[in-house]
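Observations on the model geometry
Chain by chain, the residues:
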Amino acid sequence: MMQAGKERDLFDKGTLLVPLRATELARSLASAYVVSNTPVGHDGDDKTHEGVTIGFRTHLPRWADRSSEGDPLVVLKVEATGEEVETNVPGCVRFKSPLRITGVSCASFETKDLMQDFVATYLSFPDIPENLVKLEVSEIPRLEKDAAGESVLELGTPSLEALSRDTMDGLAGWCRVLVENMNKGEFDQEISGIVSRGCKGPEVTWSWKRLAENALEELDSDAKQADKVIWGELVSLLLKHRSERGFDRRAVLQQLEMELSREGEIDENTSRWISVSRDIAAARRDMAPLSDEGSVGQRAALAIFVAQDPRGIDGLGAGRRVAFLAKLFAGAFQGISRAAGELKNDPAQLDAALEIAERIPAGQTSELEIGSRSYDSDLRSSDDIILNGSVIGRRVSEPTPYRIMLRARAMETNQKILPERETGRLRIVSRDGDKVKIYLEDEPGSILSNPLVRFWTPLQKVTARSPSAKKLKEILAESWRTGCAVGIYEVDGTQMLCCYVVILTNTLDREEFEHHVASLRSFAEAF
């Protein structure tokens, strides 16, 4: 749709045609952003305006077709609004910021042979997603003759400065690791914290150093200043070598010493880390241990000093937290363009990574969290993954060993653990049936080596007048008698007073299971 303007036609919304060459489509699929497609002029010069992508409303002018033998024309169809583009030349628009490949509805080739050649040539590469954009064969509308004097030069300069493609590639790679690990169910709370903090700090502008330090603080709340300095500075230095895809370790250590010297005197811990790293680089000593016990930041820094790709990091035998930080860096070092994996074939998940990444340089943060959880009869759990209030995916996890053990304990006491049909929550149900609803769920903050679960049951709705002071006194007395704690839960949008027990599953036997369930049932029946 077009709106009539006094000086130019204004694009309202609709489908735009974005011309690329086949090689550019492959690069766009790999990098998650449509590459620049703007030629400088008509004289055969193949240079482009860096970062600028243009589209057309109905037909392609001849100057927009930059195809050649062996690199045919491909036209992307993109749904856009007037807020996303600028219009200076009739029939032509420029996108104000880099165009996500997830916004492309399809890519059109002029013949079936050209499309099949593209599939055979490019879609076998691990970093190019196969199913992200639909490929089709259709006629490409061309203008027989360009309008007099019409040229891309008349588009002028963008009113909004486009983000650096290299910066966005690194940030998108960083955020890809966050989203992928949220899908795996690893470090949910820490990842939510990393995303919600973004690059918040005393600096006015964003930096890799601040981003890295914030991530470390979420993974290791006890991180010392030396850990933060070494980790943050090294991440910042190594990412300056992204385009080179490698670096001289000895030169990097010299740079690190220079950077730290500018900030003040190098302390003993930092000096020791540099000395150990220098010896490892020179093969004068074996690799230091990289477990999670101790200085997570310094050990993660040593890991990325030695290896910059996920496979290399896996071979170091690092602890889970150290390895996660190192792989977060590896995601940025590789960038989204060189990353393989299922995420790039999932538009919603890829869009989520790009959304988080684009907000970081702007000083904005995002909220990535796990929403409601439900269970099936086999005790598999399903979680909604939510970004800024919108569901971007669903995570299905196999039953944990302790859930299977809990089911066995319930059966030993003539009870069952079943999903509640209305809510999907797990309930402990007696064979005779009972009015008291006892639920079980993972305890927040539980760790894999010592899993905790919470058994709980709702008592009554909480309002301004309920429970009364007298009632609350009776509830607290019952809490003391049964050994059950009392707290306020939000249950289906309603504030409820609940009683609960937290149980260490590693030592749970039949008698303890039966005792806790009986105590909760007795508490609830009393009120």
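These lines cover the structure that appears in this document, whether it is placed above or below.

When you go through the protein residue by residue, the secondary structure sums to 15 helices and 18 strands. For the protein, the spread of C-alpha atoms along the principal axes amounts to about 90 × 60 × 45 Å. When burial is assessed residue by residue, the protein has 47% of its 527 residues classed as buried. Counting contacts in the protein only where the partners sit at least 6 residues apart, residues at least 24 apart contribute 65% of the total. About 26200 Å² of surface is accessible on the protein, with carbon and sulfur atoms providing 47% of the total. Placing the 67 positive and 84 negative side-chain charges of the protein at their respective mean positions leaves the two points 4 Å apart.

Turning our attention to the sheet that holds strand β12 (residues 390-397). Judged by pairing direction, the sheet is antiparallel, and its three strands sit side by side in the order β10-β11-β12 without closing on themselves. Strands with a single pairing partner mark the edges of an open sheet, and in this sheet they are β10 (368-375) and β12. Across the sheet, the axes of successive neighbouring strands diverge by a mean angle of 25 degrees, strand direction being ignored. By the bridge criterion, seven bridges tie strand β11 (residues 381-387) to β12 in an arrangement that is antiparallel. From the neighbouring strand, Asp383 faces β12, where its bridge partner is Arg395.

Time to look at unusual backbone geometry. Of note, the amide linkage connecting Ser466 to Pro467 takes the cis form, showing an omega dihedral of 5 degrees. Inspection of the secondary structure assignment puts Pro467 in the loop between β16 (452-461) and α14 (469-482). The backbone of Ala32 sits at a positive phi, close to 75 degrees, despite the residue not being glycine. Mapped onto the elements of the fold, Ala32 is located in the loop between α1 (22-31) and β4 (54-56). Take Ala32: its relative accessible area is 0%, and that puts it in the buried class. For Asn388, which is not a glycine, the phi torsion comes out positive at approximately 50 degrees. Inspection of the secondary structure puts Asn388 in the loop between β11 and β12. Looking at Asn388, the relative accessible area reads 34%, which means it is partly exposed.

Counting 102 residues, the largest nonpolar core has Leu76, Ile101, Phe118, Trp174, Trp231, Trp273 and Leu368 as its most contacted members. In terms of residue count, the dominant contributor to this core is helix α11 (residues 320-334) (ten residues). Setting aside its immediate chain neighbours within four residues, Trp273 contacts Ile230, Leu234, Leu253, Leu256, Gln298, Ala301 and Leu302. Grouped together as the second largest cluster of nonpolar side chains are 27 residues, Leu379, Ala410, Cys484 and Val517 included.

Here the focus is helix α6 (residues 225-238). Here α6 is 14 residues long and its end C-alpha atoms lie 20 Å apart, about the 20 Å a rise of 1.5 Å per residue gives. A large share of α6 lies buried, amounting to twelve of its 14 residues. Every buried residue belonging to α6 is among Ala226, Asp227, Lys228, Val229, Ile230, Trp231, Gly232, Glu233, Leu234, Val235, Leu237 and Leu238, and all of these are buried. Against α5 (208-219), α7 (249-263), α8 (268-281), α9 (296-306) and α11 lie the buried residues of α6.

Quick look at the environment of Leu211 now. Here Leu211 lies in helix α5. Judged by its relative accessible area of 2%, Leu211 falls in the buried class. For the pair Leu211 and Gly198, spaced 13 residues apart in the sequence, the C-alpha separation amounts to 6.4 Å. Sequence-distant contacts of Leu211, that is, excluding residues within four places in its chain, are made with Leu171, Trp174, Gly198, Cys199, Trp206 and Ile360.

Thresholds, definitions, all that
- Residue positions are counted from 1 within each chain, in the order its sequence is given.
- Where totals are concerned, whole chains, interfaces and linings use all residues; where local detail is concerned, this predicted model gives features only for residues with pLDDT of at least 70, and gives and counts side-chain atom pairs only at 80 or more.
- Side-chain descriptors were evaluated using all non-hydrogen atoms of the structure, hydrogens and water having been removed beforehand.
- Where helices and strands are cited, they refer to DSSP runs of H or I of at least four residues and of E of at least two residues respectively, numbered from the N terminus.
- Relative accessibility under 20% of the residue-type maximum defines a buried residue, over 50% an exposed one, and the middle range a partly exposed one, all with a 1.4 Å probe and only protein chains included.
- In what follows, a contact means two residues having at least one pair of non-hydrogen atoms within 4.5 Å.
- To be clear on the numbers: accessible area is Shrake-Rupley with a 1.4 Å probe, and residue cover counts the displayed protein chains and nothing else.
- Here Asp and Glu are counted as negative and Lys and Arg as positive; His is not counted, and neither are the chain ends.
- Here the site of a charge means atom NZ of a Lys, CZ of an Arg, CG of an Asp or CD of a Glu.
- A pair of strands is labelled paired if DSSP reports no fewer than 2 bridges between them.
- Geometry is summarised by axes, namely lines fitted to C-alpha atoms with helices restricted to the contacting stretch, and by angles between N-to-C directions that run from 0 to 180 degrees.
- To define a nonpolar core, start from buried Ala, Val, Leu, Ile, Met, Phe, Trp, Tyr and Cys residues and group those joined through side-chain atoms within 4.5 Å.
- By this rule, a helix spans an expected 1.5 Å times one less than how many residues it contains.

Without other data, these values stay purely geometric and don't point to any function.
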